[in-house]
Amino acid sequence: MKRTVLGLVVAISLLAPAVFAETFKCDSDRGRRHECSFEGFGRVEFLRQVSRTDCIEGRTWGTEGRHTVWVSNGCRAEFVVRRNREESRDESRDDRRGRRRLIVCESENNTRHRCEADTESGVRISRVLSRNECIEGRSWGYDRRGIWVTNGCRAEFVVGR
């Protein structure tokens, strides 16, 4: 009985994708904007606030590009990068072949912003980062020159197949 349960646990752990996490701290010193970068692929999540100043996504902290978190206006916080080993390998493979890329495009102060990208193979939203809605054709879209956002839309976009 013990061997069966142990064998089942081992089999499940081998079949399940491994999830790794890396934590790091990013501090806005003297109210200034500061950028903290991390290596590899993964999804950044806010873990906990360390400062007395509020840390509000999109206002006093956010992500920029694929490997950077920024903080400002006194926000000091800990972040976690969650990595799924299989997804990281797949994403890396696709990115090298030019099939798929993750791009963060942000409308600051509700203004229109363009992010250059090769959109020939299509674009879709991966994750909305703003509190404002991101609606295709209204607050975001794309053409042959890249992705555009407006009305406070901030999102991660997958470009390619």
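Relevant structure appears above.
Residues numbered from 1 in each chain as written. Predicted model: local features only at pLDDT ≥ 70, side-chain atom pairs only at ≥ 80, totals over all residues. Heavy atoms only, no water.

Draft legend 1. Fine view of the state of the cysteines. Inspection of every chain in the model, using the stated rule, returns 4 disulfides. Paired by a disulfide, cysteine 26 and cysteine 36 hold their sulfur atoms 2.0 Å apart. Its S-S torsion of about 90 degrees marks the bond between cysteine 26 and cysteine 36 as right-handed, since a negative value means left-handed. Placement of cysteine 26 in strand β1 (residues 19-27) and of cysteine 36 in strand β2 (residues 34-37) is noted, with a sequence separation of 10 residues between them. Each member of the pair cysteine 26 and cysteine 36 is classed as buried. Through a disulfide, cysteine 55 is tied to cysteine 75; the S-S separation comes to 2.2 Å. Between cysteine 55 and cysteine 75, the S-S torsion sits near 110 degrees, and that sign places the bridge as right-handed. (Disulfide = S-S within 2.5 Å. Helix = DSSP H or I, 4+ residues; strand = E, 2+ residues; numbered from the N terminus. Buried < 20%, exposed > 50% of the residue type's maximum accessible area, 1.4 Å probe, protein only.)

Draft legend 2. Spotlight on the pattern of salt bridges. With the rule as written, the count across this model stands at 8 salt bridges. For arginine 76, the salt bridge identified is with aspartate 27, shortest N-O distance 3.7 Å. With arginine 76 in strand β6 (residues 76-84) and aspartate 27 in strand β1, this residue pair connects regions lying 49 residues apart in the sequence. A relative accessible area of 30% places arginine 76 in the partly exposed class. According to the relative accessible area criterion, aspartate 27 is partly exposed, its value standing at 30%. Each member of the salt-bridge network shares a partner with another, and the members are Arg33, Glu35 and Glu64. (Salt bridge = Lys/Arg side-chain N within 4 Å of Asp/Glu carboxyl O.)

Draft legend 3. Representation of the side chain of serine 130 in the model. Here serine 130 shows up in the loop between β9 (123-128) and β10 (140-143). There is a polar contact of 3.4 Å between the side chain of serine 130 and the backbone oxygen of glycine 152. Here the side chain of serine 130 touches arginine 154 through a polar contact of 3.2 Å, landing on its backbone nitrogen. Here serine 130 is in contact with Gly152, Cys153 and Arg154, once residues within four sequence places are set aside. (Polar contact = N/O pair within 3.5 Å; in protein donor to acceptor, adjacent residues only side chain to side chain. Contact = heavy atoms within 4.5 Å.)

Draft legend 4. Fine view of the sheet that holds β10. Taken together, 3 strands build an open sheet; the order of strands is β8-β11-β10 and the sheet is antiparallel. The open sheet is flanked by β8 (113-116) and β10, the only strands paired with a single partner. The mean angle between the axes of side-by-side strands here comes to 20 degrees, regardless of whether they run parallel or antiparallel. With 4 bridges connecting them, β8 and strand β11 (residues 146-149) associate as antiparallel partners. Bridging from a neighbouring strand, cysteine 115 pairs with isoleucine 147 of β11. (Pairing = 2+ DSSP bridges. Axes fitted to C-alpha atoms, helices over the stretch in contact; angles between N-to-C directions.)

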